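# Observations on the three-dimensional arrangement
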Amino acid sequence: MEKGKRETVAKYRRVVVKLSGRAIAGSAEFGFDSNALEHLAREIIAVRQSGVEVAIVVGGGNLFRGNQSDRWGIDRVEADNIGMLGTVINSLLLRGKLTALGEDNLRVMTAVPVPAVAEPYIRLRAVHLLEKGATVILACGNGQPFLTTDYPAVQRALELGADAVLAAKDGVDGVYDSDPKLNPNAERFSHLSYDEVISRGLRVMDQSAFILARDFGIPLHIFDIEQQGAMTAICRGEHRGTVITSSAPEDGVAGVDAAAMAGSAESVG
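Reading the values: the criteria
- Residues numbered from 1 in each chain as written.
- Predicted model: local features only at pLDDT ≥ 70, side-chain atom pairs only at ≥ 80, totals over all residues.
- Heavy atoms only, no water.
- Phe/Tyr/Trp six-rings, centres within 6.5 Å; stacked < 30°, edge-to-face > 60°.
- Buried < 20%, exposed > 50% of the residue type's maximum accessible area, 1.4 Å probe, protein only.
- Helix = DSSP H or I, 4+ residues; strand = E, 2+ residues; numbered from the N terminus.
- Lys NZ or Arg CZ within 6 Å of the ring centre and 35° of its normal.
- Salt bridge = Lys/Arg side-chain N within 4 Å of Asp/Glu carboxyl O.
- Polar contact = N/O pair within 3.5 Å; in protein donor to acceptor, adjacent residues only side chain to side chain.
- Contact = heavy atoms within 4.5 Å.
- pLDDT = per-residue confidence, 0-100.
- Arc of directions from axis to C-beta.
- Axes fitted to C-alpha atoms, helices over the stretch in contact; angles between N-to-C directions.
- Parallel < 35°, antiparallel > 145°, perpendicular 65-115°, else oblique.
- Left-handed = near helix turned anticlockwise from the far one by under 90°.
- Core = buried A, V, L, I, M, F, W, Y, C linked by side-chain atoms within 4.5 Å.
- Pairing = 2+ DSSP bridges.

### Section: the packing of aromatic side chains
Following the criterion strictly, the structure yields two aromatic pairs and no others. Plain terms: the ring middles of phenylalanine 64 and tryptophan 72 are 6.0 Å apart, the flat faces sit at 35° to each other, and that makes the pair tilted. Given a relative accessible area of 16%, phenylalanine 64 falls into the buried group. Both rings, one in tyrosine 194 and one in phenylalanine 210, keep their centres 5.6 Å apart while their planes meet at 65°; by these two values the pair is edge-to-face. Pair noted here: tyrosine 194 is in helix H7 (residues 194-200) and phenylalanine 210 is in helix H8 (residues 207-216), with a separation of 16 residues, a long-range link. Both residues of the pair, tyrosine 194 and phenylalanine 210, belong to the buried class. Stacked on the ring of tyrosine 121, the Lys or Arg arginine 156 has its end atom at 3.8 Å from the ring centre.

### Focus: the pattern of salt bridges
Under the definition given, this model contains 14 salt bridges. The salt bridge partner of glutamate 38 is arginine 42, with a shortest N-O separation of 2.9 Å. Of the two residues, glutamate 38 and arginine 42 both sit in helix H2 (residues 34-49), four residues apart, roughly one turn of that helix. Each of Arg13, Arg14 and Glu53 takes part in a single network of salt bridges with overlapping partners.

### Structural notes on the side chain of histidine 221
If you trace the backbone, histidine 221 turns up in strand E9 (residues 220-224). Polar side-chain contacts of histidine 221 include one of 2.8 Å to the side chain of tyrosine 12. Those residues in contact with histidine 221 that lie beyond four places of it in its chain are Tyr12, Ala164, Val165, Leu166, Ala167, Ile234, Thr242 and Val243.

### Quick look at the confidence of the model for the protein chain
Scored by pLDDT, the protein chain has a mean of 87; 88% of the residues are at 70 or more. Segment residues 1-5: pLDDT under 50, and five contacts once partners within four positions in sequence are set aside and those in other chains are kept. Predicted confidence is poor over residues 258-269, with pLDDT under 50, and the contacts of this stretch with residues over four places away or in other chains come to 20 contacts.

### Overview of H8
Ala209, Phe210, Leu212 and Ala213 are the residues of H8 that are buried. The buried side chains of H8 occupy one side of the element, clustering within an arc of 160° when seen end-on. Looking at the buried residues of H8, the elements they touch are helix H6 (150-159), H7, E9 and strand E10 (242-245).

### Focus: the packing of H6 against H8
Packing of H6 against H8 leaves a shortest axis separation of 7 Å and a crossing angle of 20°. Looking at the two axes, H6 sits roughly parallel to H8. Seen from above, H6 lies across H8 with left-handed handedness. Across the interface between the two elements, Asp150, Tyr151, Val154, Gln155 and Leu158 from H6 touch Ser208, Ala209, Leu212, Ala213 and Phe216 from H8.

### Here's the deal with the nonpolar core
Inside soluble globular proteins, nonpolar side chains tend to come together where they are buried. Membership of the largest hydrophobic core comes to 35 residues, with the highest contact counts inside it found for Leu220 and Ile244. Excluding residues within four positions of it along the chain, leucine 220 makes contact with Val165, Tyr194, Met205, Phe210, Ala213, Thr242, Val243 and Ile244. Counting 31 residues, the second largest nonpolar core, distinct from the first, contains Val52, Leu106, Ile225 and Ile234.

### Looking at the pairing of strand E1 (residues 14-19)
Counting buried residues in E1 gives six out of six residues, a clear majority hidden from the surface. Burial of the side chains of E1 extends over both faces: Arg14, Val16 and Lys18 are buried on one face and Val15, Val17 and Leu19 on the other. Note that E1 and strand E2 (residues 53-58) share six bridges and pair parallel. Residue valine 16 lies in a different strand from E2, and its bridge partner there is alanine 55. When E1 meets strand E6 (residues 164-169), the two strands line up parallel, connected through five bridges. Bridge assignment links leucine 19 to a residue of E6, and that residue is alanine 168.

If you want it as structure tokens, here you go:
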């Protein structure tokens, strides 16, 4: 494909990708992994080449977690501020890798001003950049403590007029009825409604983020970022992982992805 031109074969026009810091760490619990970073960058490029406008909300858990403030003996607000700065580091690293792979229309926007390395998040400017074909990387959550990046991912999706939130998980390919890492017989749901997630007590993301998504009816796709091409397939309208929407499946119950069950233990590592 000629550089600068984008193929348009997608179901979604614009998406927000929720990318955890853990995905950047790869197999390690903390820090960075070069292979994992390159994989993430290539997956994002593939989505862009399918004609989809992409904003990315980046986490910072591979560097620092604000909810561990007690462990460090520091104030929670201070800890969350440190975590926000960690998302800036991850965002710059992702931008650097995307640039190295040939992408040249990239912007990092931060909810907390860091003018030496990024521009401030301004909603209308972010929308304009997306419309002009830029990949927009969003750091610092929404600039407020006591929140993970789940909530800002949904919030930014609503602010930017995105069609869906793609919540990339590391090593888990959807929502299960129990922890698949502990229960080899855990069943993965193909499609859930928001109300079913709540009634079943399933942990999809932070409750505040999930309630916001439910209240405004934005679809959530939960998928394994390690599966090559999964994000692009979702944007094309193919099914991957678990999709959560306002309505229940056509059969009226939560759809269990029976076809995937035979390999469920292997698929989640």
